[in-house]
Amino acid sequence: MNQLLYVQGVPFWRNVVVLRWAVQIVSAILVIAVIAGFFVNVSAEIAARDIPFGYGFLDREAQIPIGESVIGYHPSDSFAYGLLVAALNTVKASVLGVILATLLGILVGVARLSPNWLLNRIALVYIEVFRNIPLLVQLLFWFLIVLSLPTVREGYIAFDAFYLSNSGVNLPWPVPQDGFWPWALATVIGIVVAVIVARRLHWRETETGKPSYPILAGLAIAIGVSVIALLILGPMTIEVPTPEGRFGRPQGGAELSGSFTALLAGLVIYTSSFIAEIVRAGIQSVSKGQTEAARSVGLSGMLTLRHVTFPQALRVIIPPTISQFLNLTKNSSLAAAIGYPDLVSVASTMTQTAPAISLILVVMLTYLAMSLTYSLIGNLYNRAIRFRGT
Amino acid sequence: MRWKLALVLMMMAVFAFVVAACDGEEAADEAPAVAQAEMTPEPMTSRLATVQERGHVICASRNDVPGYGSLDANGRNVGFDIDLCRAVAAAVLGDSEAIEIVLITAAERGPTIQSGEVDVLVRTVTWTTSRDAQWGNYIHTTFYDGQGFMVSKDLGVNSAYELSGASVCVTSGTTTELNMSDFFRQNNLDYNPIVFEDTDVVLDAYQEGQCDVFTNDRSQLAALRSALPNPGDHVILPETISEEPLGPVVPHGDEQWFDLVKTVIAGIIYAEAYGVNSGNVAAMAAGDNVKVKRLLGTEGSFGQEDLGLKDTFMQDVINSVGNYGEIYNRNLGPEGIDLPREGGRNALWANAPCTDCPKGGQIYAPPLR
Amino acid sequence: MSAVTAGAMGRPPPPPPMTVGYVGWLRKNLFSSWANSLVTIVLAVVLGWALVSLIGWVIVTADWEVITSRVQLYLVGLYPKDGIWRPQVAVLLISALLGISWRTWGGTARGFAVGLGAVAVIVGVIPHGLDILNRILVLAIPAAIGLGYLLAPSLVAGRSRRMVGAALIVVFVALLLIRGIEGVPGLEPVNTRTIGGLLLNLLLALFGIGASMPIGIGLALGRQSNLPVVKFACIAFIEIIRGVPLITLLFMSRHILPLTFPENIKIDTLYLTAITIMLFSSAYMAENVRGGMAAVAPGQTEAARALGLRGWQTTMLITLPQGLRNIIPAIVGQFISLFKDTSLVFIIGMLDLVEMGRVTIQSNLEFIDNGREVYLFIALVFWIFCFSMSYVSRRIERALGVGQR
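In this text the structure is predicted, and so the values were computed from the model without any measurement. (Residues numbered from 1 in each chain as written. Chains lettered and ligands numbered in written order. Predicted model: local features only at pLDDT ≥ 70, side-chain atom pairs only at ≥ 80, totals over all residues.)

(A) Region of the structure containing the overall build of chain A. A tally of regular secondary structure across chain A gives 12 helices and 8 strands. Taking 2.2 N^0.38 as the reference for a compact globule, 390 residues should give roughly 21 Å; the C-alpha atoms of chain A span a radius of gyration of 28 Å, well beyond that estimate. Viewed in the frame of its principal axes, chain A has a C-alpha envelope of about 90 × 75 × 50 Å. Across the 390 residues of chain A, 38% fall into the buried class. For chain A, contacts bridging at least 24 residues in sequence account for 66% of all contacts bridging at least 6. (Helix = DSSP H or I, 4+ residues; strand = E, 2+ residues; numbered from the N terminus. Rg over C-alpha atoms; globule rule 2.2 N^0.38 Å. Buried ≥ 20, exposed ≤ 12 C-beta atoms within 10 Å, placed from the backbone. Contact = placed C-beta atoms within 7 Å.)

Right, here's the structure in full:
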């Protein structure tokens, strides 16, 4: 009411409230018109030109080869399942890549600030070499490095269980048995209890000042529960890879294929060179007084970095790092060049028997979902540390 | 400040460039009606008229397979598929250089020919029924291929049925992948497929033993095998697991253009059967063989008028591109990737003067009359 | 002060021999503790071994014919033979510009001019497959740099504004030369499909970064708008574009975007690609601009409001200009990324430098084993461009004092 009184006498075309609404409505109409126009136009044209489009293909048999799968795959599975397999392959590369690239990036970023001149320069060269060469070329380079290992029949074998060759790495791997789900439940309960205990101990530590080792205690509880349940329930057996057949390729256990290894190496090294620069800039952004204060209270260089500089730098580091995670995920779409069946690679194989445009749309949506997830996690984490920091 | 100014002005320059370029575009010789011909059931402008007005034939093809479509050192498109496109250009426009090659990836073949933006698709496209129904009209098989396997000799494999447990490398985007999948599934063989984009990477993986088997069309396998350091160390297994009839495709919806391209392809095969080649066109046109004279347009007709072509268009085609045999030899034969032809499926069915003694090949043209 | 004291007291004692000179430097920087020494030795051995084997391979094993026989394809793609002088003249013009900026600005520009000249002389002189005409053209580059250097006083007279003007004229003329002008004999427009190789990468990246500036700024302002509809639309656009791989965007632009135009308008693939890259780039540009504006001290806004500037006036006159200054390094960084990303246009059959390399290897049986040479060459070309740009970026960063306030 007050506001209305205030604006009385102002002509409506200069009334802020009216103007705001007018702009909003006009822009809403514009946005909707553009989007609707686009869809109407495109769908009309697709119909007019008989361009195949639609999602009826999703429950047909895919009948295409997919070399690697986290959840098993057979050519008689449906297109939808094939796409899921491929998307999980992309997720696998992305998640492992993000973790390793972060670790390596922090290492190189810290090395960049090392007092050892050679290490410092090498970190600089590392950054300047790897971030200035197109990733595709780097992937092919790492693939050639993997290929230069001996073949699977002449490869390195350790304990008759670990195999390393240019076809990849084969390791013994647990296979879930009947007791798996009860064991998983017991482990989860153990973790929950451990977290509660750790929090209590942490609280006691901060309140009373008595050292209570909350992290150690928590870990002990979680691991202890899990191991005891493992021994009682026997939920898993270990499968050891053994060479089979004329071609001597190890079957069973877990396999990291040569293509995947090369892809991971390429993605991790390329992305870590960007993260290293972010980390360096982040650490340098922390004011010098902080470091000096930490050193003057007797913390060593490493401890200063860990407890004083790095936590403060994190706030500057995280947002651009998240965008590197997105880039890594999207860059994994180059995997087809070195034979890893990621989402784009599998989808492009599928275009032979399914509508290309529908498939590309599925691919785009999947990547979008992954990107938004990373953004979300990053933003939540950033908010959390911001809250604690101020 | 200086840098900001520079950036802003730079932007303006780039915009000016685009505007200038667009102006040029409107006036350029691109006829805007290509897509239009496909829009309506009754074409307003026939594709032939469009092509003639435009002044060149647009073919979708590739440049990454030796023998079929590649770039020579001068950046000129060469290859068997490209020559078929040149033959069409020579027939329609009298100039085998009046072509524009649109490079497309395997996944783009469908959308490209469906939208009608190209006149002919010649990109080692296997003729399958669903593609014929969905993509466009298949013309004529110009090359018969089939998929095979290559393995290193010291593995001691003699048959594709012994490939259980092998790791198999293949290039993506072709029926090759699907055939491989079908074959191993049908025969209950365990295998590990690795799909690459580029042939050279497959070859690296094969040579270094990451994969035991390389599968591709047999013609490609033979050519690649000859490029390996020791071709004798590798063997192509006897089984052919698929039919790969390759040929040009034209967009749906223009019967005249469909027939025209069909006739040009038939013409070059016919010319080989009757011994007409780029060296003797003039002599043959003035000679006394009635069938040859009809082909070359110096006597009678085989429907040139209905197709909208001039009577002597085959003279232009043979003069500039040659007959089927010449095209084969130049690209796939001794002067190209050196695939044997005699006795194989890609030999002629028969030479003309000797209709009673078939040579056994499947390359055959309908009578031109 | 201390020098006076020292002089009064006679020569100061020399520093201990182990802390000065090469030995001192080595001790301080490489061998300051046993851990450091170990790191130094291990790294030196590994690095030395890698370098020796790489150089050995480059000189002895590698067969460079796959590069030298097709230099033109890698540089300009299928650009018409009879018009090849046009990009060549463009390169000479830009070399001359470099010479002018050397005289005008010195510093980084000098480094580039000398570097480019030296590379040109080396390429022009070393014995390899280049023919004599190409050698002369390569050797004309240092000549053009020298000419620019000599003419600089009369052309720009050391003034930065004129320098920028000269740069714009040169870039504009170069672009016109490459694309062609309708109706001018000898300068007929070329078919855009023939533009390829490194030229295509450069053109796309240049256009992408330049044209994405205004859109990016608009999106960034829209994202901060207090009108929910505008804000939501901008956020959606930015997040969607940033969330999907460029290759899928390119594929869509090639096969879906043409469907939205009226039937009789046929848009060239090159322009469709350029537009897509521009949109892709503008989403990243928007985030850069937003970051830059967020870094402007809040006191600036408060001061502006206190002076009675309206919201949009504050943005346009205070926050945005300062924000843009902050992000110049980020823009260069984005340009580097975009330049590398332009190699993804292979997905729609365009022959950029990388794709030209792949095609050359695959389509010629005699080159099928020369992948390493081609990819090393491509890596080197990209590296030179990207590294130069990141070097310039660091110089600007230092000159602006970004991160030191």
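Structure shown, so let's carry the discussion forward.
(B) Region of interest: the environment of P340 of chain B. All names here are of chain B. Mapped onto the fold, P340 is located in the segment after α15 (324-331). Judged by local crowding, P340 falls into the exposed class, with 12 C-beta atoms found within 10 Å. Separated by 177 residues in the primary sequence, P340 and L163 have C-alpha atoms spaced 27 Å apart.

(C) Molecular detail of the environment of L309 of chain B. Residue and element names in this part refer to chain B. Among the structural elements, L309 can be located in the loop between α13 (304-307) and α14 (313-320). Along the chain, L309 and A49 lie 260 residues apart, while their C-alpha atoms are 11 Å from each other. When near neighbours in sequence (up to four residues on either side) are disregarded, L309 contacts A91, V92, L260 and Q304.

(D) Just the confidence of the model for chain B, in detail. On average, chain B scores 83 in pLDDT, and the residues at 70 or more come to 86%. Every residue in residues 1-43 of chain B scores below 50 in pLDDT, and together they form 80 contacts with partners more than four places removed in sequence or on other chains. (pLDDT = per-residue confidence, 0-100.)

(E) Summary view of the interface of chain A and chain B. At the interface, 35 residues of chain A touch 36 residues of chain B. For the side of chain A that touches chain B, the secondary structure elements donating two or more residues are α5 (135-147), α8 (258-285), α11 (343-350) and α12 (356-389) of chain A. When grouped by side-chain class, the residues that make up the side of chain A that touches chain B number 16 nonpolar, 14 polar and 5 charged. (Nonpolar A, V, L, I, M, F, W, Y, C, P; charged D, E, K, R; others polar.)

(F) Main features of the packing of helix α6 (residues 85-105) of chain C against helix α9 (residues 160-179) of chain C. Residues and elements named next belong to chain C. The interhelical angle for the contact between α6 and α9, taken along N-to-C directions, is 170 degrees, at an axis separation of 8 Å. The pairing of α6 with α9 is recorded here as roughly antiparallel in orientation. Facing R86, P87, V89, A90, L93, I94, L97, I100, S101 and T104 of α6, the residues of α9 in contact are M163, A166, A167, V170, V173, A174, L177 and I178. Looking at the contact of α6 with α9, its residues break down into 15 nonpolar, 2 polar and 1 charged. (Axes fitted to C-alpha atoms, helices over the stretch in contact; angles between N-to-C directions. Parallel < 35°, antiparallel > 145°, perpendicular 65-115°, else oblique.)

(G) Geometry of the pairing of strand β3 (residues 168-171) of chain A. Residues and elements named next belong to chain A. In the sheet, strand β2 (residues 162-165) pairs with β3 via 3 bridges, with the strands oriented antiparallel. Looking at β3, one finds that S165 is bridged to G168. The hairpin formed by β2 and β3 contains 2 residues between the paired strands. Across 4 bridges, β3 lies against strand β8 (residues 254-257) in antiparallel orientation. Pairing of N170 across the sheet is with E255, part of β8. (Pairing = 2+ DSSP bridges.)

(H) Representation of the sheet that holds strand β12 (residues 213-217) of chain B in the model. Residues and elements named next belong to chain B. In space, the 5 strands of this open sheet follow the order β11-β10-β12-β9-β13, with mixed pairing throughout. Among the strands making up the open sheet, the edge pair consists of β11 (191-196) and β13 (234-236). Mean inter-strand twist for the sheet, computed between neighbouring axes without regard to direction, equals 25 degrees. Packing against the sheet, helix α7 (residues 175-186) makes contact with β9 (147-152), β10 (166-171), β11 and β12, and its axis sits at approximately 155 degrees to β10. Each of β9, β12 and β13 is contacted by helix α9 (residues 218-227), which is oriented at about 125 degrees to β12, the strand it contacts most.

(I) Spatial organisation of the pairing of strand β1 (residues 57-61) of chain B. Residue and element names in this part refer to chain B. Burial of β1 is extensive: 5 of the 5 residues sit out of reach of the surface. Burial along β1 is two-sided: the residues V57, C59 and S61 and I58 and A60 are all buried. The sheet contact formed by β1 and strand β5 (residues 99-103) spans 5 bridges and is parallel. Looking across to β5, one finds that V57 is bridged to I99. Relative to strand β6 (residues 120-121), β1 runs parallel, the two being bridged by 2 bridges. The partner of A60 across the bridge, within β6, is L121.

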